[in-house]
Amino acid sequence: MALLNVIEWLEQSPDEILHKYDTRKNIVKRWSKLTVREGQVCVFCDKGEIADVFGPGMYSLDTDTLPILTAIMSWAYAFESPFKSDIYFVSTRQFVNHRWGTATPVLIRDSQLGTVRVRGYGTYSFRVKDAKLLLKELSGARYSFTTADVEDYLRSVLVMGMSDALGTCGIPVTEMSANLIELSEDVLKNLSPRFKLLGLELSSFNFESVSLPPEVEKAIDENARLGVLRGNVDVYTQIAKADAMMEAAKNPGGGAGGLVGAGVGLGIGADLARSMGETVNGATQSKCPVCGAAMPSSARFCPECGTSVKRACPKCGAPISPGAKFCPECGAKM
């Protein structure tokens, strides 16, 4: 058996949480030097019982620096040398950028959309807060304990907390992306006690995204599009009217009925029909002098009674439109 003069742990893996110092062929000598670096603690155990815990610093091992172990081993005044002990080094730094995500969608009830399936994912960080609890609750007497040994369990706890936060937050689904910081804080607050029972501290929890099923996202996008249209319906109606009028001007033989029909087809309906009706009555039509029926100004016969409506100036013989009071050529009164 070799005598241990210097006890220290030089971390080799960034994911190792706990490392059991190899004392299988070594025994601790009195006045041995123990070095605990920043971001570490060291735990001495005797016969499976946790004894002394050392924070960062350099120690010379004797009855003063090992008070609990001294009492367990009944060292009254002298340090019995050598002795065997289980020695564990525990990393207390943060283990960052671990990912979490929902394996299956979480069902939540939304005040606007009803029951909706939501997925979420993000990152979290944790550290060891109580090395004694970690040994008791998670790592046990293993020679090495890494983040991979606890990651699946922690992820399940986080997803449970996330599901609870989404279900009770009262935030509409459409506004969750704007409240990810608040949701993260709720999860962090609610899950901290559960981590504490394991000797751990949940130092950060972050939502990167909350997503909805594609069909729901499509419906939300469509509703937003319709909202824009509803807010500008007058503008679109006036544009449609102008386009229809310009098209009618290019085709004077199409008649007012075709223009109104085009307006209905464009979705401007009765408003355009009424507007165009006024235009036709006021500018493009005249009345039969016999029966009073409306007819195009260019018509030669009334479409209702068949009366000829062609007129000529008695003075110069120029054609006169129905209803005219003066000749457009010589100015003679009709």
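Visitor: Would you mind showing me how to read the sheet that holds strand E11 (residues 144-146) here?
Guide: Note on sheets: strands pair through backbone hydrogen bonds, and any given pair is parallel or antiparallel. Strands sit in the order E5-E4-E7-E2-E11 across an open sheet of five strands; the sheet is antiparallel. Only two strands of the sheet have a single neighbouring strand rather than two, namely strand E5 (49-54) and E11. If you compare each strand with its neighbour and ignore which way they point, the axes differ by 20° on average. Strand direction decides the pairing type here: strand E4 (residues 40-46) and E5, joined by four bridges, are antiparallel. Bridge pairing links Asp46 to Glu49 in E5. Across the sheet, helix H2 (residues 131-139) is in contact with strand E2 (16-21), E4, E5, strand E7 (86-91) and E11; its angle to E5 comes to roughly 140°. Along the sheet face, helix H3 (residues 147-168) touches E2 and E11 and points at about 45° away from the line of E11.

Visitor: How should I be thinking about the confidence of the model for the protein in this particular structure?
Guide: Low pLDDT marks regions whose predicted coordinates should not be analysed in detail. Scored by pLDDT, the protein comes out at a mean of 79, with 79% of its residues at no less than 70. Per-residue pLDDT stays below 50 along residues 272-283; that stretch engages in twelve contacts with residues further than four places along the chain or on separate chains.

Visitor: Would you explain H3 in this entry?
Guide: Every α-helix carries 3.6 residues per turn, so stepping three or four residues along brings you back to the same face. Helix length check: H3 (22 residues) gives 30 Å between terminal C-alpha atoms against 32 Å at 1.5 Å per residue, within 8%. At Tyr153, H3 shows its maximal bend, which comes to roughly 25°. Within H3 the residues assigned to the buried category are Thr147, Val150, Leu154, Val157, Leu158, Val159, Gly161, Met162, Ala165 and Leu166. Once H3 ends, the next one or two residues include Gly170, with phi positive near 75°.

Visitor: Explanation requested: the environment of Asp46 in the structure shown.
Guide: When you line up the elements, Asp46 lands in strand E4. Spatially, the C-alpha atom of Asp46 lies 7.9 Å from that of Lys84, the residues being 38 residues apart in sequence. With residues up to four places along the chain from it excluded, the contact list for Asp46 reads Leu69, Ile72, Met73 and Lys84. For Asp46, the side chain forms a polar contact with the side chain of Lys47, separated by 3.4 Å.

Visitor: Can you help me understand the side chain of Lys20 in this one?
Guide: As for its placement among the helices and strands, Lys20 is situated in strand E2. Excluding residues that lie within four positions of it along the chain, Lys20 makes contacts with Asp86, Ile87, Tyr88, Ala141, Arg142 and Tyr143.

Visitor: Got a minute to help me understand the nonpolar core in this structure?
Guide: As a rule of thumb, nonpolar side chains are buried together in soluble globular proteins. Phe126, Phe195, Phe205 and Phe207 are the most contacted members of the largest nonpolar core, which totals 45 residues. Here the element with the most residues in this core is H3; it accounts for eight residues. Counting 18 residues, the second-largest nonpolar core is a separate cluster that includes Tyr21, Leu66, Ile87 and Phe89.

Conventions adopted
- Residues numbered from 1 in each chain as written.
- Predicted model: local features only at pLDDT ≥ 70, side-chain atom pairs only at ≥ 80, totals over all residues.
- Heavy atoms only, no water.
- Pairing = 2+ DSSP bridges.
- Helix = DSSP H or I, 4+ residues; strand = E, 2+ residues; numbered from the N terminus.
- Axes fitted to C-alpha atoms, helices over the stretch in contact; angles between N-to-C directions.
- Contact = heavy atoms within 4.5 Å.
- pLDDT = per-residue confidence, 0-100.
- Expected span 1.5 Å × (residues − 1).
- Bend = angle between axes of the 7 residues up to and from the residue.
- Buried < 20%, exposed > 50% of the residue type's maximum accessible area, 1.4 Å probe, protein only.
- Polar contact = N/O pair within 3.5 Å; in protein donor to acceptor, adjacent residues only side chain to side chain.
- Core = buried A, V, L, I, M, F, W, Y, C linked by side-chain atoms within 4.5 Å.

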